[in-house]
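# Chains, contacts and geometry: an overview
Listed below are the residues making up each chain.
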Amino acid sequence: MLAAAAASAGDWIKLFDGKTLNGWSVHSGKATYSVENGVILGTAVLGSPNSFLCTEKEFGDFTLEFEVKVDPELNSGVQFRSQIPREPLALKVEVKGKEVERKIPADRVYGYQVEIATSKTGNSGNVYDEARRAVFLDDFSNRPKARAAFKDGKWNKYRVECKGDSIKTWVNGAAAADFKDATTLRGIIGLQVHQVPKDKFKAYQVRWRNIRIRELP
């Protein structure tokens, strides 16, 4: 059970106890998640779609912090305020001014995702709307500090702050995404292991540590 259950509002809560995956469950895919030396280790599995290790508890307004280290060949991300449907859904969403329908299978995690990618992409810290609008929700074209903040092959510290419709992120202390969106105001936290194409498959890995959250009043 998450330590969050016993913590009062405003306290920092450890979402990961450093030893077990209690309070978490895997959804959407078949990637494996284990604990090694105080680190959550996610490993890609051949033929698996995107996989997510998700909290059992939902959060609304909060500050989330974590550290992540990912193999350069593996795109990743952390979901927040995201949803896990029990049955298939058909959502109507607006993408670039047009209404489109997204069909979401049962157990497919969808919603906000803070991007974890190589420094070359320049997208780390931006927020992608996973499986829903399927677009980045902020514009990094004129944010050179944000685009250069992520360090390949090293531990990177992330911070995500949600309050009402305001969503902000930081990567290694550099301000990254900063926008307003109220599509979802509450949901789970999820750690993504991205799908790897069969013709390029290796058991790529991503690691997380020091995952904590502080709920805001």
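Let me sum up the structure you'll find in this document. Note that the coordinates shown come from a computational prediction; the quantities given were computed from them, not determined experimentally.

Side chains bearing opposite charge may pair, as long as their charged atoms lie close to each other. The tally for this structure, following the rule as stated, stands at 10 salt bridges. A salt bridge links R132 to D129; the nearest nitrogen and oxygen atoms lie 2.9 Å apart. Like D129, R132 is buried. Here R133 and D129 are joined by a salt bridge, their closest N and O atoms 2.5 Å apart.

Turning to the environment of V93, a few remarks are in order. Examined against the element boundaries, V93 turns out to sit in strand β8 (residues 89-95). For V93, the residues in contact, after removing those within four places along its chain, are K98, E99, V100, R102, R132 and R133.

On to the sheet that holds strand β10 (residues 111-116). Strands pair in a sheet through their backbones, by hydrogen bonds, and they do so in one of two ways: parallel or antiparallel. Spatially, β2-β5-β15-β7-β10-β11 is the arrangement adopted by the 6 strands of the open sheet, whose pairing is antiparallel. A single partner strand is all that each edge strand has here, and the edge strands are β2 (24-27) and β11 (127-130). Sheet twist, expressed as the average angle between the axes of neighbouring strands with direction ignored, equals 30°. Alignment of β2 against strand β5 (residues 51-55), held across 4 bridges, turns out to be antiparallel. The partner of W24 across the bridge, within β5, is T55.

Following the criterion strictly, the structure yields 4 aromatic pairs and no others. Ring centres 6.5 Å apart and planes at 75° place the aromatic pair F59 and F62 in the edge-to-face group. Among the residues examined, F62 registers a relative accessible area of 0% and is labelled buried. Plain terms: the ring middles of F66 and Y158 are 5.0 Å apart, the flat faces sit at 15° to each other, and that makes the pair stacked.

Here we take up unusual backbone geometry. Of note, the phi angle at N37 is positive, near 55°, even though the residue is not glycine. As for its position among the elements, N37 is in the loop between β3 (32-36) and β4 (39-43). For R81, which is not a glycine, the phi torsion comes out positive at approximately 50°. Within the secondary structure, R81 is located in strand β7 (residues 76-82). Judged by relative accessible area, R81 falls into the buried class, the value being 0%.

The rules we used
Residues numbered from 1 in each chain as written. Predicted model: local features only at pLDDT ≥ 70, side-chain atom pairs only at ≥ 80, totals over all residues. Heavy atoms only, no water. Salt bridge = Lys/Arg side-chain N within 4 Å of Asp/Glu carboxyl O. Buried < 20%, exposed > 50% of the residue type's maximum accessible area, 1.4 Å probe, protein only. Helix = DSSP H or I, 4+ residues; strand = E, 2+ residues; numbered from the N terminus. Contact = heavy atoms within 4.5 Å. Pairing = 2+ DSSP bridges. Axes fitted to C-alpha atoms, helices over the stretch in contact; angles between N-to-C directions. Phe/Tyr/Trp six-rings, centres within 6.5 Å; stacked < 30°, edge-to-face > 60°.

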